[in-house]
Every structure is written in structure tokens, then in C-alpha cells.
Amino acid sequence: MGLLSDPEYGSVKWVRLLNRIHGPLCLLCYAGALVWFLMLGNKEFNNETYFSENALLPGLVTNEFNAEQSSRQFYNEFLQELEDKYYDTDEMPVPWLVAKMSQLHLEVYTHNFTLNYPLGQGQIYKGTNVYGILRAPRTSSLEALVVTAPYRSISSHQKGTAAGIALMLAFAQFARPQKYWAKDIIFLVTEHEQLGMQAWLEAYHGLQSDAETFYTSLGSFWKPDTPAFDFGRVGDVFNWGGGHQKCLDPGKLKGRSGSIQAAINLEFHAPKIKYIEVKVEGLNGQLPNLDLVNLVHKLCVKSGIHHSYKNSYSWMRTRNKMDEWTNGIWTMLGMVSAQIAGVPNGNHGLFHRFGIEAVTLEGRDANDPAGIPPKVNALTTANFYRLGVALESILRSLNNLLERFHQSYFFYLLAATNRFISIGQYMPSLCLLCVAILVRALSMWVNIQQDGDEEPEKSVKRKTSDACVPGEHESEERSEEKVKTIPKGRKIEESNMSIVNIGANYLLVHLLGYVVMNSPMVFSKIGATYYNQPSEVSVFYGLIVASVFLIFLTPLMPRLLRTGRMTHEELSLVNILLLIELATVCLSVGMHNFPLGLVIAVLYTPLALVVGVETTGGGKRRVITIFLKRVLCLLLHPLCIVTVGMVTYSRVLFPEENLLSMAGRGRDAAMQAIMFSIVDSLIYGNWLYNVATAVILPIWIIFWQILCIRIDDTV
Amino acid sequence: MAVILKYLIAGLVRYWLIHIDYWQTIANRVEIATPLNSWKRLIEGVYLYGHNINPYEGDSFHESPIMLVLFYYLMKRIPFILPALFTVLDLLTAYLLYRTSKAFINMFKDSQDKKLEEVSEESKNMLLNDSQLKEASEYVLSVYLFNPYSVLNCVAMTTTVIQNLLVAASLWGASTGHRILACVFVAFATHQALYPVLLIVPIAILLAEVNKGCHKCSYIKTLLVFVLCWGFLIYISAYIMDGSYEYVYDTYGFILTVPDLKPNIGLFWYFFTEMFEHFRLLFVCAFQINALALYVIPLTLRFKKEPVLLATVLVALSTIFRSYPCIGDVGFYMALLPMWKHLFTFMQQKFIVGCAFIITSALGPTVWHLWIYSGSANANFFFGVTLSFATAQIFLITDLLFAYIKREFTLKHGTSRQVDGKPAKLVLR
């Protein structure tokens, strides 16, 4: 029971030690966290990937894919069709797709969806998906696999997906007569990229957003015309905040299959590609089961297709340990940067939200816009046959699944196509950052207790004329209890008030964050009606105005709320609470989306470590340090981070531009980024924007308050 | 004025939260609603009862028949009043706790005056004064009214609201010396959730202390009244269920044998899903003894002079170790803690416990979401969080007990803790 018994005797030493070393200790934790993260790229610290799910039996079948002829034919016909009829429109060749799928004897359906654009002047977008279901001969449509390809028009600035669609159709033709399918296969072509995918998934799973209220939960007990006073109507008055309406109307599906086990998204613009990039990052940074990712990589190898993940290329196997390490780090950083925004980097990402494992296979040429990998020109190009074989082996492997993917890892980082880092290995780096924050909080907590000592110590001495000299051994704890047990009446009143004040300030700040979260609609409306600006401009400047307003207003808030002067202790308590909240947020966010949590922690831990309660007085140096701290704090304002990040990013992309145009480009990019995050949050349920405004912003505001209030210690 | 404002704000917050769109989400959270107390199951049971189907025949309803009938009539006649009713009941609980803490604090004062000559000279300034004591009960009120745990519990309209009211009422009855009242309420609470049966020990001691006279006679009287009340309630319930005692298997039996392993913040579900079936009985017994019997006797022997502390600790321990705990129970015993404000300075693990409470409260829903909705995490994550939540609570209770002993010791022997001129160390044994 060592932990639970009295550490009082040791506590003095312990407290002094903590006071002396908490600064270096926190720094050490911070540096340790970063080093730990970088070490993970090293081969010694990560693991070779392996299959946990034995049922997959990857690559054990003899490949029979023989439809390369027809894939070429589909490819040419499809391109011809686009050239002829859809050259200058964005529409999808629905009739052609339906006709082709019907000819293959699939069950073909179309699916219409509507988007009421949430910001702006109520634009409405419509779209159509086409899908065909291959019913499994061996079971009764209880489970399904999905093969999907997004449709991109010729005028689109992105690479087309014609070869992907052609391959899909050819594969359907090949798979149709086979006897071994135990799961239905759904072949899906979606319009408008992720929008179509999201709509189809919502429709497939029959999502509805109407939550049950208390009165509807009463069921037959509740009769709307019940006599006496109607509390329900009072409830409507309370209900002003809940007017949430859905902007994406997914419509209805006419045909369905069973529960979807896995999905493969194909993005091939041409059959002659150099290598396949396997994309895994999904909505809110969610990842597919590692088994599926391994499966895809392994079967690519088996079918003789080169494959890559971020900075790791299957054909580049160096023996130089240093190179391997740096490659690993770059791959991890690539994954981190892809996951932070929480935006899926392919249609597969939307499946994850529904508990479906999915990956995207993107075909890349030697001169792909994503970057030119080394030695790419020496690679043999793939063709429809190899791609078809790969797809066949993947689907036949998935066909063997006996239960959903549940083994292996869902939380991991990839350091190469065949190296991974599990949650137990990467979590310590985030935990170390949180420990740094908490140690800081602990040292403040101990200081509050001690600060309280000194003053009453004197009064105690004065009161007790006895020779009750506190000896060396007397613990701080005990003297502190004297403080607490003999405060004057006035002091009690004050401490009581302070809790109310702290609580009120806390609540108010978080409420402000909530208001900011819901403000873009208002900004967009104001911008449209009074200034005739597009919504991204009005939202961006609206948020800037709101931030400036908050920067000037919030430091005054604690003063407005109270009558007496702010005490050192009170502000320290706010600071401690804030640090605990920050650590909690980092951990919780890190559980969902590790890169985002890590980045928040890496950015805000330095601020958390330098911010402390400032007292008035002190020389010039003091003033300068406070000024520097405030500048650091301002730099870490969420909006500022986005803007600075975007400016830097555009600098990296276009290094030849001069400063002014770079800033302009960065501003435009920031506008777009903010707008996208808001729209994503409204349509897809990406919570980056919500976290940034409703959680990070309030935390930032309280940091700012603490930095701006200087306590008068002399009174 | 400020007090009325507190009640008003707390009431409005509860009432408003019942009417927001997220009510359903709140009411179905595993942390708040267990198979025992959830509103959904209550309504299901009442519906079945209304259609002349015995609700205990299925596996959906586990409340006591008295509650069944009570809510049947409430829902039949005045369903629209229920949100307001739950709010008012919760406010009433807060009020009763406030009164109870006032009475208890007077008892502290009395016992302190009695022991005054034992207090060593240098510890005199540690004695409690009036303003401090007055403040403590204010804190009890505020904590119950604004603790997110109790607010959410009330908003989800669980039957734990009523459970808390009954326990608060019985404590209040005991603190003011109303034997019948205290026994009736504790019998009611026991009838509803079984675990409050532990409370009869501190209540008996309290009653004996408050009503001066023969202690042994008082104990016997209290026990007798309690047993009679409980028996009567069991009989009434059987009468409601047409003379059949089958319901006992679905209420007490359900609590004791833990057949429903839906995850909650307790420690039972995980162990029992992992366990081999033929060891089940053994482990059920072990766990229930831990929850019901293990701590009563040693704690009673040690703290028989301090029935209030005994009551606090027993409520807390039975919350931690019971088979279907929810955060409403946690909120209830947390409201009792401010009575021991004068011990806080002796507590060592305040910071750790505080951090653990905050972090686990945030992480619990997070990993639940990852497990159930995203399908990426699994049961171990959630259990890990609930386990650390339980550990934090145990730390809190142990720390409180030890702080009490330390204070007692310090009062008697002075602040300089020395043995033969060397600094000594207190150890909890």
C-alpha cells in the first residue's frame, strides 16, 4: 500500500525537487516525445506487417482473369462515348453505364441524390450514381463487397478514371459466371466524387437524422391533446438551438445487398501505369484494418505490379539504414499530414465511418502530379491483365472472409509499405506531451499550496506566543492545513466567490467557442446580402473580425464578472484547470485521430509550458518576456495557424513567387481551407472545424486571458 | 437569494436539457443508463404492465413493482409532468442533502466540543469554526446541483434519481433522529436497488447517537423497524404482482447474479464476459461479497464513533463495486464529500484523483464511440478507461479515510509528528 500510505514525510523533498526540476523535466518530456516519434521511423522500433486474419488466405487461388481484351474494349468505348456526347458537360454517361451493366446481367439501379448547399444562397446540386449488383450464387445476399470508381468528366482538372471503370466492367463480366462467390459484389460508379459516395452510403444504410425527443419516447402514453398545461410548448421555446437540418438528401435506393464487408476504390486513368499508390486515410483520420492494407500490398506484389505508400516505394529497397530511417520518417509525416485535416483522400475514406474497411488504388504514371519517385522510368508498365489479376485476387481473398475484419490493427502508422507502428508504440509520444502539460499543472498546484503557507505562517506565529517554531522537518502540507483551517471570514467569502467566477468565466468562454462554431452561416448571409461577396470571403473575414473582437474583449471578461481583485491563487487555479483540459483534449482527440492530437499537443505544449500567472512590477526584461509570450500566444491562434500554415505551404509549392503574391495566395488557400472544413463538417461530419472552434479556441482564449491579466501582488 | 438562484438555474438547466434534441443520446448512454435504471426499460415495463403482460417475464424490466405501479399511474394520467417531476425530485434530493449536511455538521461541532480537552495545544487552530462548517453545507448543495454527473443523471430520467432521493431522505431522517422515517426510506431504497442495505449500519449508529439513551435497544429497534418495512414492501410488491414472488428473481436476482453484461462503468461486465461459465457462481459470490459485506464490518469497527464518515464511505464503496453502477450514483456520493472539506488538506492524491476523473470522463465516451460506432477500438479500451475511473474513485475513498485518521492523530498529538525526536511516518494499516 505504499502508494496509498502517507508520503508526507517525503513530501517536502518531493515538492522541492519538483519545483526545481519541473521546467527541465517538461522540456525533457517534450523533446522525448518528438524524439520518440522520429525513432518510430527506424526499423528497430517498428514492426514488419503480417496477416492476423487467417481466413483471408491471400494469393492461394489460381488466377483466372481473362478479360483484358474486353477491358480494352470497354476502355475505348467509354472514351469514345465521352468524346462524342459528354465532351463539354460534367454529367455522367448514365445510359451507357446502365446499358453496359445490364448487358453483363447485373442487377442495375440508379440512385439520385440532392445537395442543398448549406452556405451561400441556397444552391442545389443534383447527381446520379449507377450501381450493379452481382448476386452471389452460394448465399442469400447477406454480405457484400463493393468495387467502386468515381466518375470524372473529361473537363475535370483531376486525372480521369476511365480505365478504372473499364476494368471494373470487365471484371464484372469475368466474375459473373463464376460459381465461387459467397458474397455479393456491388459495382458502383459515383458522381461528384465524395458527395456521391456519401449519399450512396447514407442511402444504403438508411440513415435518418430525426432524433427522438422525450415526448416521442413516451410512445402511446403521450397524447398530443392531453389536457392541463402543455409543457411541450414550453419545450419548443427551449428548442431554439436545435434547428439542425440536413443538407445532403441521400434519396432512396431501389436495390440493396447485405452488409458490406470491404470496399475497393479504383482510380486508374489509363491501363499503362507505372505503379499503384495505395491510399488509406479516411474521414477524421480513420484508417482501414491493417489486414486489408497488407492484403492489397501483398497481392500487388504477387500480380507483379509496383506499389507505393507515400514515400515508400516497393521497388526501392535500400540497405542503407539511414536512408531507410529517413524514408520511414517521411512516410510517417506524409501520413500525419494526410490525416490531420480529416479529409479522406479518396472515396474509400467515407466507408470507414460506416465500419466498412476500404482502400483506394490509384494508378500513377512516371510524371504524376503527386511527385516523381526515384527510378520510376525503369519500371515495367502495368496493363489490364495485371490489374485485373490483382483485383481478382483481392476480391477472391475477401470472398473467403468468415467474419468482419476485427483482428489486426485499426490504429497504426505506416513507416513503409511493409512496416507498421501500432498504437502501443506511438501513443507514448502523445502521452509524454500530455505528461509535460500535467507536470506543469502539478507544479503549479503544489505552488498554490505553498504560497498559501507563507502568509498565514506569520499570523500563526504572531498568534501563538508559544515557542511553536516550525522546524526543518515540518512539512509544507501541515502548515498549509493551518492556512485552510484558520482563514478569516472575509477570505472564505472571497474563495467562495472565486469558484463561481472561475466557473462562470469557463462556461462563458466555451459558450463563445460554440457561438463561433455556429457563426459561419450568419457571416455568409451577411456577406452575401450587404457586401455581395462569395461565402468563403465573408466567412474568412467574419472569423477574423470575431477573433479580433475576442482578443480584445475576453481579457476583460474575468474582471467584469467579479467585484474584488483577482488573486494569484485564483488565476493559478484557472491555469491548472486549463492545462488539465488541454491534456484531456489532446488524449481524446489523439484516440480518434492520432496525428491531429499529436499536432495539437506539439503546437500547444510550448505555450502551456511558458504561460503562467504574471504579476505586476518587474524590470524591462520581464515586460519583454511577457510581450514575447503574448506574441507566441497570438501566433498559436487557430485561425493564425491555418493562415500561416497555408502561406508556408504555398511558399513550398511555388518558391519562385515574391512575398506579396505568396501572402495573397496563402490567404486564398486559407480561405478555401476554412471553407472546405466548414462544408465538410456540415456534409460529411468531419469534426476538425468543430474541434478547432468549440474546443481549441476556448482553450486558446483562456491562455490569452491568463497572459493578459497581471496580478497586483503588492496589495 | 443566491440559494434560490442556484435552485432555479440548476432546475432550468435540467429541464432544458430534457427538451433538447440530444435527449435520446443522453438517455441511452451506457455510462448513465444501466439495465437497472434506464428510462427506456421503465417505459417498456410500464407499457407491458398496461397491457396486462407481466413485465418480469421477459428480460427487459428490473425495477421494483412499486415503481412500476407508480409510473404506470403517472404515465397514464399526467405524462407531460414527468420532466418537471424528475427535475423537482432531483432538486428535492439536493435540498435534503443540504439539510442532512447541516445536521451532520452540528454533530461534528458537538463531538468536537466534547473532545476538546484531548486536543493538543499546538493543534488548537485546526479546530473547526462556525463559518467553515456553514460553508461546507453550501458546498454540498452546489455540488449536487451543478455536478455534471448528477445533472446528466437527472436529464436521462433514470430511476437513480428516485434512488438518490430515497437515500438522501433516509440520511436526513437519521440525522434528525426520526427512526421510522429513516428506516422506511432506507427500506424503500433497499427494495429498489438492494445495495443501500449497507446504510442501515451507519443509520442505526446515527439514530442511537441522536436519540440519546440505551444504544443497544436503539440498534435493535432500528433493525426491527427496517426489517419490518422491507418485509412489508416485499409483500406489497408481491401483492401488486398478484401474489407472486417471481419478481424477486428479476429484481434482486438480477442485481445479484448479473445476467445482463451490457457494458457500464462498473467492473462486473468485463470479468463476466471473459470468464468460464462454470466459475461464474464462485466469482459472482466473490464480487458481491466485495460489494456488500467485505467493508462493512471492519469500517464499522474502526469508525463507529463517526457514523457520518461511515455512511459516506459505504455509499461510495457500494457505488464503485455494485453490479450496475452509473454516474448518477457517483454524483450522489460526490455531493457528500464537501462535508469533509476540513479533511481535504490532509489528502494526498487530490491532484491525481482530479486529473483521473476529468481524463477518464472524457476518454470513456471517446473510446465507446470508437468501439461501437467506428468499429475500430474494442471492449478492452473501454474497460481500461472504466477501470481507471474505478481506481480513481478507490483512491479518493482511501485518501479520505486516511485523511480522517491523520487529522484525528494530529489533533491529539500536535502537528510535530515525532517519535523519540525523529520525524515519524504515518502508515495506513
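Here is what the cut-offs are and how they apply
- Residues numbered from 1 in each chain as written.
- Chains lettered and ligands numbered in written order.
- Predicted model: local features only at pLDDT ≥ 70, side-chain atom pairs only at ≥ 80, totals over all residues.
- UniProt positions renumbered as here; feature names shortened; annotations may be inferred.
- Helix = DSSP H or I, 4+ residues; strand = E, 2+ residues; numbered from the N terminus.
- Rg over C-alpha atoms; globule rule 2.2 N^0.38 Å.
- Contact = placed C-beta atoms within 7 Å.
- Axes fitted to C-alpha atoms, helices over the stretch in contact; angles between N-to-C directions.
- Parallel < 35°, antiparallel > 145°, perpendicular 65-115°, else oblique.
- Nonpolar A, V, L, I, M, F, W, Y, C, P; charged D, E, K, R; others polar.
- Pairing = 2+ DSSP bridges.
- Domains from an automatic or database assignment.

As named in an unreviewed UniProt entry, chain B is Phosphatidylinositol glycan anchor biosynthesis class U protein, taken from Galleria mellonella. We quote the UniProt Sequence similarities (unreviewed entry) comment for chain B here in full: "Belongs to the PIGU family." Quoted verbatim from the Pathway (unreviewed entry) field of UniProt, the annotation for chain B is "Glycolipid biosynthesis; glycosylphosphatidylinositol-anchor biosynthesis."

Naming follows an unreviewed UniProt entry, where chain A appears as Glycosylphosphatidylinositol anchor attachment 1 protein of Galleria mellonella.

A. Quick look at the overall build of chain B. Along chain B, the regular secondary structure elements total 19 helices and 2 strands. For 429 residues, the compact-globule estimate of 2.2 N^0.38 gives 22 Å, and the C-alpha radius of gyration of chain B, at 22 Å, lies within 12% of that figure. Counting only C-alpha atoms and orienting by the principal axes, one finds that chain B spans roughly 75 × 55 × 55 Å. In chain B, of all internal contacts separated by at least 6 residues, the share reaching a separation of at least 24 is 73%.

B. Up close: the packing of helix H9 (residues 321-340) of chain A against helix H19 (residues 594-610) of chain A. Residues and elements named next belong to chain A. Direction vectors running N to C along H9 and H19 enclose 95°, while the axes themselves pass 8 Å from each other. If you check the angle between H9 and H19, you find them roughly perpendicular. On H19, the residues that touch Val 336, Gln 339 and Ile 340 of H9 are Pro 595, Leu 596 and Val 599. Grouping the amino acids of the contact of H9 with H19 by side-chain chemistry returns 5 nonpolar, 1 polar and no charged.

C. Structural view of the sheet that holds strand E12 (residues 412-416) of chain A. All names here are of chain A. On the basis of which strands lie adjacent, the open sheet formed by 3 strands has the order E1-E13-E12 and antiparallel pairing. Since the sheet does not close on itself, it has two edges, and those belong to strand E1 (47-48) and E12, each with one partner. Pairing analysis gives 2 bridges linking E1 to strand E13 (residues 419-422), with the strands arranged antiparallel. Residue pairing for E13: Asn 47 is matched across the bridge by Phe 420. Each of E12 and E13 touches H9; the most contacted strand, E12, lies at about 140° to it.

D. Summary view of the domain arrangement of chain A. All names here are of chain A. On domain assignment, one finds that chain A holds domain 1 (1-49 + 426-486), domain 2 (66-208 + 243-311 + 343-404) and domain 3 (488-715). For domain 2 versus domain 3, the distance between C-alpha centres works out to 41 Å. Taken together, the contact pairs 12 residues of domain 2 with 17 residues of domain 3. Within the side of domain 2 that touches domain 3, the residues separate by chemical class into 7 nonpolar, 5 polar and no charged.

E. Focus on the UniProt feature "transmembrane region" (unreviewed entry) in chain A. All names here are of chain A. What UniProt calls "transmembrane region" (unreviewed entry) maps, in this numbering, to residues 21-39, 426-448, 498-517, 537-561, 573-592, 598-619, 631-652 and 687-709. Helix makes up 100% of residues 573-592 and strand makes up 0%, while its end C-alpha atoms are separated by 29 Å. Secondary structure within residues 598-619 divides into 59% helix and 9% strand; the distance between the first and last C-alpha atoms comes to 37 Å.

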